[in-house]
Amino acid sequence: MTITVIALSVVVLLLSVLVVGLLRSHATILRRLHELGVGLERDPGTAASASVPRTDGSVPSPPRDVADGRPAHDIVGVDPAGAAIGLRTVDVDHDTLLVFLSSGCTSCEDFWSELAGHGTVDGVRVVVVTRDLAEESPSAIRELAPDGVTVVASTAAWKDLEVPGSPYAVLVDGRSGRLAGEGTGASFTQVKELFLRSSHDHGGKAGADQRRERELDRVLLDAGLGPGDPSLYRPPTEPR
Amino acid sequence: MHLESHGIAADLPPGWEGSIEVERDRDAVTLAELGGVLRPVTHLGTFPLPRDRGDFGSGAVDVMGDEDAFVALVEYDPSEASSELFASRGLPRALDPRAFSSEALQRQRGRQAGWQGFFNEGGRAFCLYIVLGDLDDVHLLARKVEQVLAGIRVEVER
């Protein structure tokens, strides 16, 4: 009898050890599956890989030299007085808002008057671009030219940037050398709001927000911190 | 980027922009109204040149950064070309960083350093005025200016 009890106890003990081992193994599997995103609730249509950051640092960084938007071009032309002017808009630290206007377009009248004193807005250089003086009224351009704002006559710029008409505005991201935005508006104030200040139209981000985001991305990438870097998910209080 | 006007041509290296126009200082304009001739002024910079600026860069050097450089090539009357002041021949292409100082600036500002030289080329008289953003970085900035000077051509006075 005693021998039987001892034998059963050993069997029970062994089975207990086996069960505990199986439970631990199961827990490990569940934890790994959870890390991979299995079982999480997602919005319909959301890709599994996009919903959970990978924390093992294995996500490759995006290429740094590929940017959104059409390529921009530097502006070469003459000012209303006939001086040769070359303006750098590409591969520079500053952004440039090119405002394409004509002397004869009635929609441009408010732009000409509003632009006075706005050579720089929120750190963005503002430049008025007309067609070549041979295609414009030079005297009218001289009269309309707003104080403190560079005016360049350059049909080549209109062609390079495929400007459909006037008034038209193009925001050039100086670092990437790409167009960060383009379009028209009823006034320069509206264009400013559209490109340079907060605008929640179309669910898009304001240009200033985008610039800040790009700058933060650049700083992080320069520091060697790419997408999925484990340090990005470390609690701020945790010592490094 | 290529600029050409008033018998001066400039091929600008990346990062540089500029203009070639006639004098804008009030005294020169007043003299021109009395029958004088407005001479060309070439401005080159590694930063966005503001619309309103003086012939020697006032208004522009106020907004340039520590890593920037500004160049003004101001022409004088050709009759001055044979004078002692403009006796040096040819646009300086090589710069001595040690020659730059804050004392050479038209108006001292921050850590900026300047240099100016007078010369004749093609029977024309010029002053070359250079402002560098940081006195502590003159060696690097002077090399940057040499790159843009290498692309400047002056036609013979006709």
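Up top you'll find the structure we're talking about.
Going along each chain's sequence as written, the residues are numbered from 1 onward. For this description, chains carry letters from A and ligands carry numbers from 1, given in the order in which they are written. Only residues with pLDDT of 70 or above have their local features reported here, since the model is predicted, and side-chain atom pairs are shown and tallied only from 80 upward, although totals for entire chains, interfaces and linings are computed over all residues. Heavy atoms from the whole structure form the basis of all side-chain values; hydrogens and water molecules are not counted.

As for the environment of Gln112 of chain B
All names here are of chain B. For the record, the criterion: Segments assigned H or I by DSSP are reported as helices when at least four residues long, segments assigned E as strands when at least two residues long, and all are numbered from the N terminus. Only protein chains enter the calculation, and the probe is 1.4 Å; a residue is then buried if its accessible area is under 20% of its type maximum, exposed if over 50%, and partly exposed in between. Here a polar contact is recorded for every N or O atom pair within 3.5 Å, except that within protein the pair must consist of a potential hydrogen donor and a potential acceptor, and residues adjacent in sequence are included only if both atoms are side-chain atoms.
Relative to the helices and strands, Gln112 resides in the loop between strand E5 (69-76) and strand E6 (113-121). Note on Gln112: relative accessible area 4%, which makes it buried. Residues Gln112 and Asp134 lie 22 residues apart in sequence; the distance between their C-alpha atoms is 4.9 Å. A distance of 2.8 Å separates the side chain of Gln112 from the backbone oxygen of Val61, its partner in a polar contact.

Some points on the pattern of salt bridges
When charged atoms on two side chains of opposite charge get close, those side chains can pair. This is how it is decided: Salt bridge, as applied in this entry: a Lys or Arg side-chain nitrogen positioned within 4 Å of an Asp or Glu carboxyl oxygen.
Counted according to the given criterion, the structure contains 15 salt bridges over all chains. As a salt-bridge pair, Arg51 of chain B and Asp79 of chain A come within 3.8 Å of each other at their nearest N and O atoms. Placement of the pair is Arg51 of chain B in the loop between strand E4 (40-45) and E5 and Asp79 of chain A in the loop between strand E1 (75-78) and strand E2 (84-87), with the two residues belonging to separate chains. Using a relative accessible area of 23% as the deciding quantity, one classes Arg51 of chain B as partly exposed. Looking at Asp79 of chain A, the relative accessible area reads 2%, which means it is buried.

Regarding the interface of chain B and chain A
By convention, interface size is frequently given as the accessible area that disappears when the constituent parts associate. What counts is decided by this rule: In this description, contact between two residues means that some pair of their heavy atoms is separated by no more than 4.5 Å. Simply put, the buried area is the total loss of 1.4 Å probe accessible area from both parts when two parts are fitted together.
Each partner contributes to the interface: chain B provides 19 residues, whereas chain A provides 15 residues. Here chain B meets chain A over a buried area of about 1,200 Å², counting both sides, of which 52% is carbon and sulfur. Taken as a group, Met1, Glu17 and Arg51 of chain B account for 42% of the area that chain B buries against chain A, more than any other trio of residues on that side. Applying the counting rule to chain B against chain A returns eight residue pairs in polar contact (both at pLDDT 80 or more).

With respect to the nonpolar core
For clarity, the cut-off: Here the nonpolar core consists of buried residues drawn from Ala, Val, Leu, Ile, Met, Phe, Trp, Tyr and Cys, with membership extended through side-chain atoms lying within 4.5 Å.
One finds Val71, Phe100, Leu128, Ile130 and Val145 of chain B to be the most contacted residues of the largest nonpolar core, which totals 29 residues. Breaking this core down by element, the ones donating at least two residues are strand E2 (8-11), E5, E6, strand E7 (124-132), helix H2 (138-149) and strand E8 (152-154) of chain B. If one sorts the elements of this core by residue count, H2 of chain B sits on top with six residues. Excluding its chain neighbours within four sequence positions, the residues that come into contact with Ile130 of chain B are Phe70, Val71, Leu95, Phe100, Ala113, Gly114, Trp115 and Val145 of chain B. Formed by 21 residues, the second largest nonpolar core is a distinct cluster that contains Phe111, Val126, Leu171 and Phe188 of chain A.

Overview of the state of the cysteines
All names here are of chain A. Put simply, the test is: Working definition: a disulfide is two cysteine sulfur atoms within 2.5 Å of each other.
Applying the stated criterion to the full structure yields one disulfide over all chains. Linked covalently through their sulfurs, Cys105 and Cys108 form a disulfide whose S-S length is 1.9 Å. Negative torsions about the S-S bond denote left-handed disulfides, and the value of about 105° found for Cys105 with Cys108 makes this one right-handed. Judged by relative accessible area, Cys105 falls into the buried class, the value being 16%. Residue Cys108 is classed as buried on the basis of its relative accessible area of 0%.

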